[in-house]
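In case you want the letters, here they are:
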Amino acid sequence: MTTQALPSALAAIVDDFQALSEPERLQLLLEFSEGLPELPDRLKDHPELLEQVVECQSPLFLTIETENGGGPVRLFFKAPAEAPTTRGFAGVLHEGLDGLSAEEILSVPDDMPELLGLTRAITPLRMRGMTAMLGRIKRKVAAASPARG
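Residues numbered from 1 in each chain as written. Predicted model: local features only at pLDDT ≥ 70, side-chain atom pairs only at ≥ 80, totals over all residues. Heavy atoms only, no water.

Considerations on the overall build of the protein
No. 1: Regarding its fold elements, the protein presents six helices and three strands.
No. 2: Order of helices (α) and strands (β) in the protein, N terminus to C terminus: α-α-α-β-β-β-α-α-α.
No. 3: In terms of its C-alpha atoms, the protein occupies a principal-axis envelope of roughly 45 × 35 × 20 Å.
No. 4: Contacts spanning at least 24 positions in sequence make up 65% of the contacts within the protein whose residues lie at least 6 apart.
No. 5: Element-wise, carbon and sulfur atoms account for 49% of the exposed surface of the protein, whose accessible area totals about 7600 Å².
No. 6: Across the protein, the 14 positively charged side chains and the 22 negatively charged ones have centroids separated by 5 Å. (Helix = DSSP H or I, 4+ residues; strand = E, 2+ residues; numbered from the N terminus. Contact = heavy atoms within 4.5 Å. Areas by Shrake-Rupley, 256 points an atom, 1.4 Å probe, with all protein chains shown as cover. Lys, Arg positive; Asp, Glu negative; His and termini not counted. Charge placed at Lys NZ, Arg CZ, Asp CG, Glu CD.)

Next up, the structure:
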């Protein structure tokens, strides 16, 4: 798979990872973990609105919001600071997918996390966690899409 199949923001992130050596890729993943936005207050006070991605080794919760007529999809993640790999994956998905249309998100190939080039540096269990995050986002987007839901 090439990055041409990806939305432009996500393709740029994948290109950045692919241009680096493995140790540098891990450093970039840590930078994404630091850039993950905090939850807005309306979600901080209502954890029941978030869904846990149980496939992740560390506790990760997410939700999406869309406007009634479709509109851009907003992504929200909650991951502990002491879980930089999980937060990094969430940061990549947030930066690459937040604000896109449902169709753009649903068109992202399920195996996109493998394009980051981290499969030798990150355990298979952690890679499955990122793949599960993407799958959960896509499932929630599909369920919230008027044409698909």
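Here the narrative resumes, following the displayed structure.
Remarks on the packing of aromatic side chains
No. 1: In the structure shown here, the tally under the stated rule is one aromatic pair.
No. 2: Aromatic side chains Phe17 and Phe32 sit 5.9 Å apart centroid to centroid with 20 degrees between the ring planes, which places their arrangement in the stacked category. In this pair, Phe17 sits in helix α1 (residues 8-18) while Phe32 sits in helix α2 (residues 22-35), placing the two residues 15 residues apart along the sequence.
No. 3: Overall, Phe17 belongs to the buried group, its relative accessible area being 0%.
No. 4: Just above the ring of Phe61 sits the side chain of Lys78; from NZ or CZ to the centre is 5.8 Å. (Phe/Tyr/Trp six-rings, centres within 6.5 Å; stacked < 30°, edge-to-face > 60°. Buried < 20%, exposed > 50% of the residue type's maximum accessible area, 1.4 Å probe, protein only. Lys NZ or Arg CZ within 6 Å of the ring centre and 35° of its normal.)

So, the pattern of salt bridges
No. 1: Under the criterion given, the structure shown has nine salt bridges.
No. 2: Here Arg42 makes a salt bridge to Glu65, at a shortest N to O gap of 2.8 Å. Here Glu65 lies in strand β2 (residues 61-67) and Arg42 lies in helix α3 (residues 41-44), a separation of 23 residues in the sequence.
No. 3: On the basis of relative accessibility, which here comes to 46%, the residue Arg42 falls in the partly exposed class.
No. 4: Given the relative accessible area of 27%, Glu65 is considered partly exposed.
No. 5: The residue Lys138 makes a salt bridge to Asp110 at a minimum N-O spacing of 2.6 Å. Of this pair, Lys138 sits in helix α6 (residues 124-144) while Asp110 sits in the loop between α5 (102-106) and α6; the two residues are 28 residues apart in sequence, bridging distant segments of the chain.
No. 6: A residue is classified by how much of its surface remains accessible, and Lys138, at 12% relative accessible area, is buried.
No. 7: One salt-bridge network, in which partners are shared between bridges, spans Glu51, Glu55, Arg136, Arg139 and Lys140. (Salt bridge = Lys/Arg side-chain N within 4 Å of Asp/Glu carboxyl O.)

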